[in-house]
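# Residue-level structural notes
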Amino acid sequence: MTTVATWDGLLVGDELAHLTTEPAREARTAPLPDSLQPALLEALARRGIHELYAHQAAAYAAARGGGNVIVTTGTASGKTLAFNLPVLDALAADRHARALYLYPTKALAQDQARSLGELGVAAVRAAIYDGDTPTERRRQIRGWANLVLTNPDMLHIGVLPRHDLWGDFLHNLRFVVVDEAHVYRGVFGSHVGNVLRRLRRLARIYGAEPQFLLASATIANAAELASALTGEEATVVEDDAAPRAERTIALWNPPLLDAELGLRASALGEASRLLAGLVGRGLRTICFAKSRKAAELIHRFAADRLDAATAARLAPYRAGYTPQQRREIERRLVEGDLLGVTSTDALELGIDIGDLDCAISVGFPGTVASLRQQWGRAGRREHGLAILIASEDALDQYFMREPPALLDRHVEAAILDHANPRVLDGHVAAAAFEAPIDEGDAATLGPEALERAPHVPELRHTARGWVWAGKDSPAARVPLRSTSPDSFLVVDAATGDILGLAERERVYSTVHEGAVYLHLGRQYLVRELDLTARRALVEPFEGDWYTQAKKETETSIEEPLRVERRLGLELSFGRVSVTEQVVAYQKKAVADGSTLATVPLDLPPTTFDTEAVWFVPRPHQLEDLEAMPLLLSSLHAAEHSLIALLPLWAMCDRWDIGGLSTNLHLDTGAPTVFVYDGHAGGVGIAARGFDQFEGWVADTVTLLEGCPCERGCPSCVQSPKCGNLNEYLDKAGALTLLTRMSNSG
Ligand SMILES: [Zn+2]
Ligand SMILES: [Zn+2]
């Protein structure tokens, strides 16, 4: 114990679900390698860096050996220096060498550019090249910079299709840095996996074989992620040698107000109470909420609990602040002028606002990696406090009862599927536009690209290979965050700003007229869904209700790809076709989820192909559950609770997953539960469920056993996205079925 924790007395009561302290850890260091260029050594010395952490030295050595590397050490462990060392060293040694740094957001690229500038290695000429770069600057950057920072979208649309302008850069490309690599998962990751393969191919055409250096949050499958993203093997550096201060971790569960209904006190109220308590003790605290509205409420409630002088030392921290404004807040925090900051988690990605005493996460942010990143703000140098306040969501409540699942297990895997034809085809077209595709390109683009080429419209086979026969650049038609090229735009009616994309398959359920749409934590109301122009016009919305679509879903099995005897039944993974028809929506109160109105909708059905995992329980597993509607209710409740826990295994959102349960399915002729990938073509989520079925079902049994409600609640079998509006759910029946399955294993 180095410091006496001053939060003593605050973390008491039934709300405290778990309290533990992770011990401090000494750094393990290694000397700076002798081989480093003098200019780099001088720059490091100026920054007071005279030795490395062991993992930084290991990453440098692996990169010097010529291979690809992925570094997956913890938050604030110096991952940046781990990949900067080999790159800056190469740039200092060879004035022709070039490096490309890829960041998922412009803000992160700016932060990295700033810290590269501060390091001040004379030979390094770094520049940002993104959508904001003025046209007249672009040519200059291409010719002058030897380290270009950009994002996947710019690489995809702005750089690769215009590779003739980048010939010198590509010819000399030595390193590609992919920071925050865990962000590239799901649909986005599947696209980025293809963008990086296109980059490798063009580099090869210009005579270069760049090395890939990736950095990621801690995940279960670093090696797999690296090869899925780049198409090549990588050395994993994961043995974190950075020092760590002691950190106390508290899991906080708002009190149960109605045990029967599973109703709990508001997480926002608890957050404001803890925030006020910590700030009142003089502790610098950041509080992360999921929406701007929630962050504002926490800020206000906390201020109400404090005297005016202390309340004045609280501030909200919003996305969209300029670097100057961010540094101003950071300065006020460092100087102790500010004590408490509330923020949406839109800012979570690596942006550094300094070393604080406490970090509060209000609601599980969706991945353990994000949670660790939020918690990483607290106690870097001295004993810190990190708190998770649970929402009513099933996964949050599961963690409150099973802390080791959150704190000790590493099951979360970043998955993607670059070969999904819905994703791949657009990149095959883009690659053909960039240069004719022949057999030799299988080595970089992957054999799947060659297989898809004959199926891609506007490609023509010639003596030079597959060439693009269309007019414009096909890359511009391929959005990186959707699996359908015919996505709808979500447009702010007042400003004309494009807020986001809605995949065609989801348009009717997410942006129908009257839907409440969330973007970066802000609420919008959909005014108009224009099917011809393929856009939804929305406007800012202050109401206190949200909407839930009621839809009818059917699935048909197109092709089982893997069928295995698992947990006493036949478990299948394969391709299915899903047809959904949105028939109505409900307005529900934010405060208590009560239904305010049901509004019918007249919308056409949509059909898409995707991947699913499905199972047909054996008769003995359904014994005494056969009567209707108990049978359907048991299967339906099992489906919901399985979907709630799949994100623990596959890094995804429950909104990325769909499900269907039926007492009689036409294709199987029996009661069947389907869990399908919500993105056309599938991005690997259902496949992960198939692979991890036993652990996934066991977790779900634990969830249902532990939930204190009597007949099912939002923390176990109810789903915020159920197309049947949570009708026909039987918690006991689901538990019986899943327990029998688990016991068959
Ligand atoms: Zn429950
Ligand atoms: Zn449902």
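My aim in this report is to walk through the structure given alongside it, one point at a time.

What counts and how
- Counting restarts for each chain, with residues numbered from 1 along the sequence as it is written.
- For naming, the first written chain is A and the first written ligand is 1, with later ones following in the order written.
- Confidence filtering applies because this is a predicted model: local features only for residues at pLDDT of at least 70, side-chain atom pairs given and counted only at 80 or more, and all residues used for totals across whole chains, interfaces and linings.
- Hydrogens and water molecules were not included; the side-chain quantities draw on all heavy atoms of the structure.
- Each helix is a run of DSSP H or I of at least 4 residues and each strand a run of E of at least 2, with the numbering of both proceeding from the N terminus.
- Radius of gyration here uses only the C-alpha atoms, and the compact-globule reference equals 2.2 Å multiplied by the residue count raised to the power 0.38.
- Each residue gets one of three labels from its accessible area relative to the maximum for its type: buried under 20%, exposed over 50%, partly exposed in between, using a 1.4 Å probe on protein chains only.
- Only nitrogen, oxygen and sulfur atoms count as donors, using a 2.8 Å cut-off from the metal that widens to 3.2 Å for Na, K and Ca. Water is left out, so coordination shells may look unfilled.
- Every angle between 85 and 135 degrees makes a four-donor site tetrahedral, while opposite donors more than 155 degrees apart, with all other angles between 65 and 115, make a four-donor site square planar and a six-donor site octahedral; other sites are irregular.
- This arc describes the spread of directions from the helix axis toward the C-beta atoms.
- Working rule for contacts: check all heavy atoms of both residues, and any pair within 4.5 Å makes them a contact.
- Ring pairs are drawn from Phe, Tyr and Trp, using the six-membered ring of Trp, whenever the two centres fall within 6.5 Å, and their geometry is named by plane angle: stacked under 30 degrees, edge-to-face over 60, tilted for the rest.
- Whether a charge sits over a ring depends on NZ of Lys or CZ of Arg being within 6 Å of the ring centre and within 35 degrees of the ring normal.

This part takes up the overall build of the protein. Assigned secondary structure in the protein consists of 24 helices and 31 strands. For 745 residues, the compact-globule estimate of 2.2 N^0.38 gives 27 Å, and the protein sits close to it at 26 Å. Projected onto its principal axes, the C-alpha coordinates of the protein cover approximately 75 × 75 × 55 Å. Evaluated residue by residue, the protein yields a buried proportion of 57% over its 745 residues.

For the zinc ion (ligand 1), the full set of protein donor atoms is Cys707 (SG), Cys709 (SG), Cys713 (SG) and Cys716 (SG), and the range of their distances to it is 2.2 to 2.3 Å. Around the zinc ion (ligand 1) sit four donor atoms, and with donor-metal-donor angles ranging over 99 to 116° the site reads as tetrahedral. Binding-site remark: the zinc ion (ligand 1) is held by donors from one chain whose sequence spacing is C-x1-C-x3-C-x2-C.

Right, let's talk about helix H1 (residues 38–46) for a bit. The complete set of buried residues in H1 reads Leu40, Ala43 and Leu44. The arc that holds the buried residues of H1, viewed along the axis, is 100°, so those residues lie on one side. Across from the buried face of H1, at angles greater than 90 degrees, the exposed residues are Pro38 and Arg46. Its buried side turned inward, H1 meets helix H3 (79–93) and helix H4 (106–119). Count one or two residues on from H1 and you reach Gly48, which has phi positive near 80°.

What follows deals with the packing of aromatic side chains. Counted by the stated rule, this structure contains twelve aromatic pairs. Ring plane angle 50° and centroid distance 6.1 Å describe the contact between Phe573 and Phe690, whose orientation is recorded as tilted. A residue pair is termed long-range when its members are at least 10 positions apart, and Phe573 in strand E27 (residues 569–589) and Phe690 in helix H22 (residues 685–691) qualify at 117 residues. By the burial criterion, Phe573 is buried, and Phe690 matches it. Each residue in the set Tyr129, Trp166 and Phe169 is aromatic and connected to the rest through ring pairs, giving one cluster. Arg138 extends its terminal NZ or CZ atom over the ring of Tyr129, reaching a point 5.5 Å from the ring centre. Above the ring of Phe188, the side-chain terminus of Arg481 is found at 4.1 Å from the ring centroid.

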